[in-house]
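Listed here are the chains, written in short residue letters.
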Amino acid sequence: MRLFDPHIHMTSRTTDDYEAMHAAGVRAVVEPSFWLGQPRTSPASFLDYFDSLLGWEPFRAAQYGIAHHCTLALNPKEANDPRCTPVLDELPRYLVKDQVVAVGEIGYDSMTPAEDTALAAQLQLAADHELPALVHTPHRDKLAGLRRTLDVVRESALPPDRVLVDHLNETTVKEAKDSGCWLGFSVYPDTKMDEERMLAILRAYGPEQVLVNSAADWGKSDPLKTRKVADLMLAEGFGEDDVDLVLWRNPIAFYGLSGRLTLDVAPPEATHEGNSILRGAPKEPGGPAGAPRGSDDPVGAPRVSDAPAGAAREWDDPTAAPAPGA
């Protein structure tokens, strides 16, 4: 089974999650930029974050054979903070990057005039850069938020069939589908959608232009929800083609509108900005704990023989200082 999680915040997840996702069949992800919980205080903090989504996270994902792309934007919540809004002027130089497959997350949090302005401006940026847009619908007053979102989309230069309206539920799906937009559903352990509700929506509205994601982030969430939806679909009588359409081909079709989606995963470099992610040494099969690994190293992991002559190794001296970037 091949799976594509079209909305997951891997910057908040561990490398164990990447490993588990690959084992579950996830071969591609899109990571939208979002609010980090701690308010940012300047555009500079956005730029460092954008750089990490373009460099560090693709490096981490490639360690586990997962293609990583991102969407970039000023998120709805921070659109209300005048310290953050100047990042709109910086976005154009990031939206030309190959790994950026949409403008997002944009949309509404509290449906303020500042959010109106940011949403309209970023829909225009998407049109200018020939990118689709990922739109976040608010957690409160969802139907009112959806209707206002669709009004702004209709007023924009971006056609509805280049817009993915996310975080939908039973109250918003019909109007979103009638609009011609793509339909996104976030499946969570306790909130938003669950697997059973997702299947009921698929039965009622069909699998066309539907994307299912985990939206896993810092809070209680599950990066394996795409696999759990797929398993339940099969158990409840959906065909393998339906599963492949919703959880693989639909995300490819939507983000492929960018012309930048690449699913081949090149072997990563040994390090990214001096960091290999490695800590200590993996165990050699059949050898003592801590023994350096040999020919079965994970992709991208430097072997003992790759180390420069005379370089300190963590397994040689447990008191040795870590290498720069470690």
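Residues numbered from 1 in each chain as written. Predicted model: local features only at pLDDT ≥ 70, side-chain atom pairs only at ≥ 80, totals over all residues. Heavy atoms only, no water.

Q: Help me understand the sheet that holds strand 4 (residues 100-107) in this model?
A: Pairing between the strands of a sheet is mediated by backbone hydrogen bonds and can be parallel or antiparallel. The sheet built from 8 strands is open, its strands ordered 1-2-3-4-5-6-7-8 with parallel pairing. Here the strands that pair on one side only, and so sit at the sheet edges, are strand 1 (3-5) and strand 8 (210-213). If you compare each strand with its neighbour and ignore which way they point, the axes differ by 25° on average. Bridge count for strand 6 (residues 163-166) against strand 7 (residues 182-186) is 2 bridges, and the pairing is parallel. Bridge pairing links Leu164 to Trp182 in strand 7. (Pairing = 2+ DSSP bridges. Helix = DSSP H or I, 4+ residues; strand = E, 2+ residues; numbered from the N terminus. Axes fitted to C-alpha atoms, helices over the stretch in contact; angles between N-to-C directions.)

Q: Even after reading the chapter, I still don't get the pattern of salt bridges, so can you show me in this structure?
A: Oppositely charged side chains can form a pair if their charged atoms are brought close together. For the structure on display, the rule yields 18 salt bridges. What emerges from the salt-bridge pattern is a single network uniting Arg2, Asp241, Asp244 and Arg249. (Salt bridge = Lys/Arg side-chain N within 4 Å of Asp/Glu carboxyl O.)

Q: Would you explain the side chain of Arg40 in this entry?
A: Counting through the fold element by element, Arg40 comes out in the loop between strand 2 (26-32) and helix 2 (43-54). Given a relative accessible area of 4%, Arg40 falls into the buried group. From its side chain, Arg40 meets the backbone oxygen of Phe34 in a polar contact 3.2 Å long. A polar contact of 2.6 Å, which involves the side chain of Arg40, links it to the side chain of Glu78. The contacts of Arg40, once residues within four sequence positions are left out, are Phe34, Trp35, Ser45, Phe46, Tyr49, Asn75, Glu78, Asp81, Arg83 and Cys84. (Buried < 20%, exposed > 50% of the residue type's maximum accessible area, 1.4 Å probe, protein only. Polar contact = N/O pair within 3.5 Å; in protein donor to acceptor, adjacent residues only side chain to side chain. Contact = heavy atoms within 4.5 Å.)

Q: What exactly am I supposed to notice about unusual backbone geometry here?
A: A negative phi angle is the norm for most residues apart from glycine, just as the trans form is the norm for most peptide bonds. Each neighbour pair has its own omega, and for Gly104 with Glu105 the value is -5°, a cis peptide bond. You can see Glu105 is positioned in strand 4. Positive phi values are uncommon outside glycine, yet Met111 reaches one of about 55°. Along the polypeptide, Met111 turns up in the loop between strand 4 and helix 5 (113-128).

Q: Mind showing me how you'd approach the layout of surface pockets here?
A: Regions of empty space are outlined by a rolling probe, equal in size to a water molecule, passed over the atoms. Within this model, the second largest pocket holds a volume of roughly 380 Å³. Lining the second largest pocket we find 19 residues, and of these Phe34, Trp35, His136, His139 and Asp217 sit closest to its centre. The residue inventory of the lining of the second largest pocket, partitioned by class, reads 7 nonpolar, 7 polar and 5 charged. (1 Å grid on protein atoms, 1.4 Å probe; cavity = no way out; pocket = protein on both sides within 12 Å on 5 of 7 lines; lining within 4 Å. Points joined across faces, edges and corners; volume = space filled by probe spheres on them. Nonpolar A, V, L, I, M, F, W, Y, C, P; charged D, E, K, R; others polar.)

Q: Is there a simple way to explain the environment of Ser110 in this structure?
A: Examined against the element boundaries, Ser110 turns out to sit in the loop between strand 4 and helix 5. In sequence terms Ser110 and His139 are 29 residues apart; their C-alpha atoms lie 8.8 Å from each other. The contacts of Ser110, once residues within four sequence positions are left out, are Glu115 and Arg140.

Q: Teacher, can you tell me more about helix 4 (residues 87-94) here?
A: Helical geometry note: an α-helix holds 3.6 residues per turn, so side chains three or four residues apart project in the same direction. Buried residues of helix 4: Val87, Leu88, Leu91 and Tyr94, and no others. Within helix 4, the buried residues cover an arc of 95° as seen down the axis, which keeps them to one side. On its buried face, helix 4 is in contact with helix 2, strand 3 (67-72), strand 4 and helix 5. (Arc of directions from axis to C-beta.)

Q: How should I be thinking about the packing of helix 8 (residues 195-205) against helix 9 (residues 225-235) in this particular structure?
A: Two quantities define a packed helix pair, namely the angle between the helix axes and the distance between the axes. Put simply, helix 8 and helix 9 touch, their axes get as near as 10 Å, and they point 55° apart. By the angle between their axes, helix 8 is oblique relative to helix 9. Where helix 8 crosses over helix 9, the two elements pack in a sense that is right-handed. Contacts between helix 8 and helix 9 involve Glu195, Glu196, Met198, Leu199 and Leu202 on the former and, on the latter, Lys225, Lys228, Val229, Leu232 and Met233. Of the residues assigned to the contact of helix 8 with helix 9, the class counts are 6 nonpolar, no polar and 4 charged. (Parallel < 35°, antiparallel > 145°, perpendicular 65-115°, else oblique. Left-handed = near helix turned anticlockwise from the far one by under 90°.)

Q: What is the right way to read the side chain of Ser214 from this model?
A: Take Ser214: it is sitting in the loop between strand 8 and helix 9. For Ser214, a relative accessible area of 0% translates into the label buried. A polar side-chain atom of Ser214 sits 2.7 Å from a polar atom in the side chain of Asp5. Setting aside chain neighbours within four positions, we find Ser214 in contact with Asp5, His7, Ile8, Val187, Tyr188, Asp222, Pro223, Lys225 and Thr226.

Q: What am I meant to see in the nonpolar core here?
A: Note that soluble globular proteins tend to have their nonpolar side chains buried in a common cluster. Core analysis: the largest hydrophobic core is formed by 69 residues, its most contacted members being Phe50, Leu72, Phe185, Met198 and Met233. The leading source of residues in this core is helix 2, at 6 residues. Residues within four places of Leu72 in sequence aside, it is in contact with Ser33, Phe50, Leu53, Leu54, Leu91, Tyr94, Leu95, Val100, Ala102, Val103 and Gly104. Ala28, Leu211, Trp248 and Leu261 belong to the second largest nonpolar core, which has 14 residues in total. (Core = buried A, V, L, I, M, F, W, Y, C linked by side-chain atoms within 4.5 Å.)

Q: So what exactly am I meant to see when it comes to the confidence of the model for the protein here?
A: Chain-level pLDDT for the protein is 87 on average; 85% of the residues reach the 70-or-more range. Scored below 50 in pLDDT, residues 287-326 makes 45 contacts in the model with residues more than four places away or belonging to other chains. (pLDDT = per-residue confidence, 0-100.)

Q: Looking at this structure, how should I read the packing of aromatic side chains?
A: Two aromatic rings, taken as a pair, are described by how far apart their centres are and by the angle between their planes. For the structure shown, the criterion picks out 8 aromatic pairs. Both rings, one in Phe254 and one in Tyr255, keep their centres 5.0 Å apart while their planes meet at 75°; by these two values the pair is edge-to-face. Just as Phe254 is buried, Tyr255 falls in that class too. Three or more aromatic residues joined by ring pairs make a cluster, and in this case those are Phe4, Trp182, Trp248, Phe254 and Tyr255. The side chain of Arg40 reaches across the aromatic face of Phe46, ending 4.4 Å from its centre. (Phe/Tyr/Trp six-rings, centres within 6.5 Å; stacked < 30°, edge-to-face > 60°. Lys NZ or Arg CZ within 6 Å of the ring centre and 35° of its normal.)

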